[in-house]
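Per-entry structural report
One letter stands for each residue in the lines below.
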Amino acid sequence: MSGALVELAHVSKTFTRGGLFAARRVQAVADVNLRLAADKPIILAITGESGSGKSTLARMILNIVEPSAGAILFRGRNLRSIRSSAARGAFMRQVQPIFQNPFEAFNPLKRLDRYLYITARRFAGVADMATAEQRSNEALHRVGLSLGEIKERFPHELSGGQLQRFAIARALLSNPALIVADEPVSMVDASLRMSIATLFRSLRSELRISTIYITHDLATAYYVSDEIIIMQKGGIVESGATRTVLSAPRHPYSRQLKDAVLSLRRPPGPDSEDSS
Amino acid sequence: MSAPLAGRATRVAPEMAPRVPVVSVKGLKAYYRTDQYGVQRRVRAVDGVTFEVRPDEIYGLTGESSSGKTTLVKTLAGAVRPPLQVVGGTIAFSFLPGTQGLHSVPPPEVARVRWRRLSYIMQGSMSVLNPVRRVRSSFEDFAFRHMGLSRRDFAAAVESHLARVKLEPSVLAAYPHELSGGMRQRVTIALATICRPELIIADEPTTALDVIVQKDVLAMISHIRQEMGSSVMLVTHDMGVHAYLSDRLGIMYAGRLVEEGRTDEILGRPRHPYTRHLIATLPRIGDDAPRRGLEGSPPNLADPPPGCRFHPRCPLAMEVCHREAPSLAVHGPDHRVACFAVTPEAPS
């Protein structure tokens, strides 16, 4: 099929745990079909409880984990066929990850600006330092940072929110078509959390970057995403436009998930009207 | 009083129970002090915090990371080790009259009180339970000496207590890794409540849990707290959890308490500009309004801004905010706000 950015056909992943005789097989992802169109960038939220296979699915799309069955095509090319380091580099240039904990994602002993320069050199084809700095600065400006704030600094010198913005800026350097973000705001300060979620929305509308956004928080998924997939035990139980799915979930598991969202509203009291 | 939520129960209104607060914290200052190569650093993680936890209530504490929540909890629990130092203020526990906090009490006294009077529910249940000991042994390690029961009676007490958190006695023979996250957290809840402590400190008790399990665990904390008659100090950044469980809520920002009040009051009519922003930006299903982050980031507590610590990010900042730190002013029953811009006396 043409026109797909990513396409998953009957993808499954089974992990085998234990020894030869006491092997236990865990099916993390079961027969998942999924398609992201290339011409229309979207934010796709994948939600479900832990163990539902959402992170494994993300790792397979990032080509970190190989599926046990089925095929993942990126722009028509099967990820299994990526063997050479050149092909690998070309793939990584277009698909960038954002991880949950930015403090774990970066080497604490390595200065942050080095990450930018290395990414610029490897993935953006930048040869000289001046251009690398300029590109880095542009990417940092996109996320509300500047090179002056980052230069010569170590990960621990930034707050979680700043570091996660930095991670996004680094991912932007290679001008990717797809970002796979696994719980990107859960380690970020509350006052900055929504600004990062908003950032993904602006990357979609301004830079036309699609995002696969993994979260267990339905309220955040509602805010950030255009389409949603709800997973349970490795399979997709419900999918569709986020607003439709979350306002009237059909599958019992989706309803259960929605019911589990803690409401911020107390039952109507004497002071339910807002006076501010 | 508002109608009770599912899983919550109506309580006696606070004014009808004028009892001594379980813990009363006054002007507490706890700093991290380091002196390396002649460079002295003081991180003012908790800087003049005053509040109390009343009998039979769940007091919620919220704030972002590095707002001093964890330092405050550590200080309350007496886990004050260098570089952390208590620089000023007092912590008065109802069960330790005449003392100024666990950090100033001799170790044997702490050992007598800890877990019997004051227990904790921590975030990572995996790191609370000893991974190489069965659950039964953990119960013996934590609670046996406080209960004053024979081995047999103790075993029976543990089993009946586990039933309160809907766990089978068979979990006693399991190792922590054999249990699911929700079961493990229920084990730690059982562990924290079995001695009927006056105060339970719950630090992010459900953050590591799945959304579906979370509500059960919260309902369980609420239920068992009532049954055992303990007060809870609930520390979490998740406002949904506070809305579900906390009776009163304190908001911390950069080491200080900026607002405190009844949870429905704080969620419905926040006054402090920081709290207002926090509540307004929470994502809600069915609400499509775009959310904006606050400018800037939380201050570095080694070098906090002068005056009100929120003023560099505050939309209402006035000249006075740069110079003076506002103290908590009363804004109605049980509602205190530390802000010059919203205090009634201030011209606004």
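Predicted model only: the values in this text are computed from it and were never measured. (Residues numbered from 1 in each chain as written. Chains lettered and ligands numbered in written order. Predicted model: local features only at pLDDT ≥ 70, side-chain atom pairs only at ≥ 80, totals over all residues.)

1. Focus: the overall build of chain A
How we decide: Helix and strand definitions follow DSSP, with helices as H or I runs of at least four residues and strands as E runs of at least two, each counted in order from the N terminus. For the radius of gyration, the atoms used are the C-alpha atoms, and the globule rule reads 2.2 Å times the number of residues raised to 0.38. Neighbour density around each residue's C-beta defines its exposure: 20 or more other C-beta atoms within 10 Å make it buried, 12 or fewer make it exposed, and counts between make it partly exposed, where C-beta atoms are placed from the backbone. Contact between two residues is assigned whenever their backbone-derived C-beta positions fall within 7 Å.
Of the regular secondary structure elements, chain A holds 11 helices and 10 strands. Scaling as 2.2 N^0.38, a compact globule of 276 residues should have a C-alpha radius of gyration of about 19 Å, and chain A matches this with 20 Å. Its C-alpha atoms give chain A principal-axis dimensions of roughly 60 × 55 × 40 Å. Residues classed as buried in chain A amount to 45% of the 276 residues present. Put simply, of all contacts in chain A between residues at least 6 apart along the chain, 66% involve residues at least 24 apart.

2. Remarks on the overall build of chain B
When its secondary structure is counted, chain B shows 11 helices and 11 strands. Against the compact-globule benchmark of 20 Å for 348 residues, chain B has a radius of gyration of 21 Å, which places it among compact chains. Across its three principal directions, the C-alpha atoms of chain B cover 70 × 55 × 40 Å. In chain B, which comprises 348 residues, the share counted as buried stands at 47%. Long-range contacts, defined here as pairs at least 24 residues apart, represent 67% of the contacts in chain B between residues at least 6 apart.

3. Notes on the pairing of strand β6 (residues 199–203) of chain B
Residue and element names in this part refer to chain B. Our working definition: In this description, strands pair whenever DSSP reports at least two bridges between them.
Among the five residues that make up β6, five are buried, leaving the element largely enclosed by the rest of the structure. Burial along β6 is two-sided: the residues L199, I201 and D203 and I200 and A202 are all buried. Taken together, the four bridges between strand β5 (residues 118–121) and β6 define a ladder with parallel strand orientation. Its bridge partner lying in β6, L118 is registered against L199. Note: β6 against strand β7 (residues 231–235), five bridges, orientation parallel. Bridge pairing in β7 places I200 opposite V232.

4. Things to note about the interface of chain A and chain B
Note the cut-off: Each residue is assigned to one of three groups, with Ala, Val, Leu, Ile, Met, Phe, Trp, Tyr, Cys and Pro labelled nonpolar, Asp, Glu, Lys and Arg labelled charged, and all others, Gly among them, labelled polar.
Contacts between the two partners involve 35 residues from chain A and, on the opposite side, 37 residues from chain B. Of all the secondary structure elements, the ones that give two or more residues to the side of chain A that touches chain B are α7 (160–172), α8 (190–207), α9 (218–224), α10 (242–247) and α11 (252–260) of chain A. Here the element with the most residues in the side of chain A that touches chain B is α8 of chain A; it accounts for six residues. Considering only residue class, the side of chain A that touches chain B consists of 14 nonpolar, 17 polar and four charged.

5. A few points about the packing of helix α6 (residues 181–193) of chain B against helix α7 (residues 211–228) of chain B
All names here are of chain B. Just so we agree on the cut-off: Axes, fitted as lines to C-alpha atoms, cover a helix only where it is in contact. Angles between the N-to-C directions of the axes lie from 0 to 180 degrees. The cut-offs work like this: below 35 degrees is roughly parallel, past 145 is roughly antiparallel, 65 to 115 is roughly perpendicular, and the gaps in between are oblique. Each crossing is labelled by how the near helix is turned from the far one, with a counterclockwise turn of less than a right angle marking it left-handed and a clockwise turn marking it right-handed.
For the pair α6 and α7, interaxial distance at closest approach is 11 Å and the crossing angle is 15 degrees. The angle between α6 and α7 places the two elements in the roughly parallel class. Between α6 and α7 lies a crossing whose hand is right-handed. Every residue of α7 that contacts α6 at G181, G182, Q185, R186, I189 and T193 is listed here: V213, D216, V217, M220, I221, I224 and M228. Grouping the amino acids of the contact of α6 with α7 by side-chain chemistry returns seven nonpolar, four polar and two charged.

6. Structural notes on the sheet that holds strand β4 (residues 69–74) of chain A
Residues and elements named next belong to chain A. Pairing in this open sheet of four strands is antiparallel, and the strands run β2-β1-β4-β5 from one edge to the other. In this open sheet, the two edge strands, each paired with only one partner strand, are β2 (24–37) and β5 (77–78). Judged from the two bridges that link them, β4 and β5 form a sheet pairing that is antiparallel. If you follow F74 over to β5, its bridge partner there is R77.

7. Remarks on the confidence of the model for chain A
Put simply, the rule is: A score between 0 and 100, pLDDT records how confident the predictor is in each residue.
Averaged over every residue, the pLDDT of chain A is 87; the share at 70 or more is 95%. A low-confidence stretch, residues 267–276 of chain A stays under pLDDT 50, and its non-local contacts, those more than four residues away or across chains, total 12 contacts.

8. Observations concerning the environment of I230 of chain A
All names here are of chain A. Following the sequence through the fold, I230 ends up in strand β9 (residues 227–232). Overall, the presence of 27 C-beta atoms within 10 Å leaves I230 in the buried class. When the C-alpha positions of I230 and L257 are compared, they lie 9.2 Å apart, and in sequence the two are 27 residues distant. Non-local contacts of I230, meaning those with residues more than four positions away in its chain, are made with T47, G48, V237, E238, S239, H251, Y253, S254 and L257.

9. Considering the pairing of strand β1 (residues 4–17) of chain A
When a strand is regular, its side chains alternate between the sheet's two faces. Residues and elements named next belong to chain A. Looking at chain direction, β1 and β2 are connected through 10 bridges and run antiparallel. For T16, the partnering residue across the bridge sits in β2 and is R25. In this sheet, β4 lies alongside β1 in antiparallel orientation, the contact comprising five bridges. Paired with E7 across the bridge in β4 is L73.

10. Topic: the nonpolar core
Definition in use: One nonpolar core equals one set of buried Ala, Val, Leu, Ile, Met, Phe, Trp, Tyr and Cys residues connected by C-beta atoms within 7 Å.
In terms of nonpolar packing, the biggest core is built from 86 residues, with A202, I221, M233 and L234 of chain B touching the most fellow members. Residues within four places of L234 of chain B in sequence aside, it is in contact with I58, Y59, G60, L61, A202, L245 and S246 of chain B. In terms of nonpolar packing, the next biggest core, distinct from the first, is built from 75 residues, A28, A169, V180 and L203 of chain A among them.

11. Quick word on unusual backbone geometry
In this model, P82 of chain B is joined to P83 of chain B through a cis peptide bond whose omega is 5 degrees. For P83 of chain B, the position within the fold is in the loop between α1 (69–76) and β4 (84–93). Of note, E152 of chain A is a non-glycine position whose phi angle comes to about 65 degrees, a positive value. When you line up the elements, E152 of chain A lands in the loop between α6 (147–150) and α7. Backbone geometry at A254 of chain B places phi at a positive 50 degrees, although glycine is not the residue there.

12. Side note on the environment of M220 of chain B
All names here are of chain B. If you trace the backbone, M220 turns up in helix α7. Put simply, M220 and L209 are 11 residues apart on the chain and 14 Å apart in space, counted from C-alpha to C-alpha. Once you skip the residues sitting within four places of it in the chain, M220 turns out to touch V165, R186 and I189.

13. Digging into helix α5 (residues 151–164) of chain B
Residues and elements named next belong to chain B. Put simply, the test is: For a helix, the expected span equals 1.5 Å multiplied by the number of residues minus one.
Here α5 contains 14 residues, and its C-alpha end-to-end distance of 20 Å stays within 8% of the 20 Å for a straight helix at 1.5 Å per residue. Against the buried residues of α5 lie α4 (135–147) and α6. One or two steps after α5, the chain reaches K166, where phi turns positive at roughly 60 degrees.

14. Here's the deal with the confidence of the model for chain B
Predicted confidence across chain B gives a mean pLDDT of 86, with 93% of residues reaching 70 or more. Interface confidence for the predicted complex, expressed as ipTM, amounts to 0.75; the pTM equals 0.82.

15. As for the sheet that holds strand β2 (residues 39–53) of chain B
Residue and element names in this part refer to chain B. Ordered by their spatial adjacency, three strands build an open sheet running β2-β1-β4, and the pairing between neighbours is antiparallel. With partners counted over all chains shown, the strands left at the sheet margins are β2 and β4, one partner each. On average, each strand axis in the sheet is inclined to that of its neighbour by 10 degrees, with strand direction left out of account. Sheet topology note: the strand β1 (residues 23–36)/β2 ladder contains 11 bridges and is antiparallel. Its bridge partner lying in β2, T34 is registered against R41.

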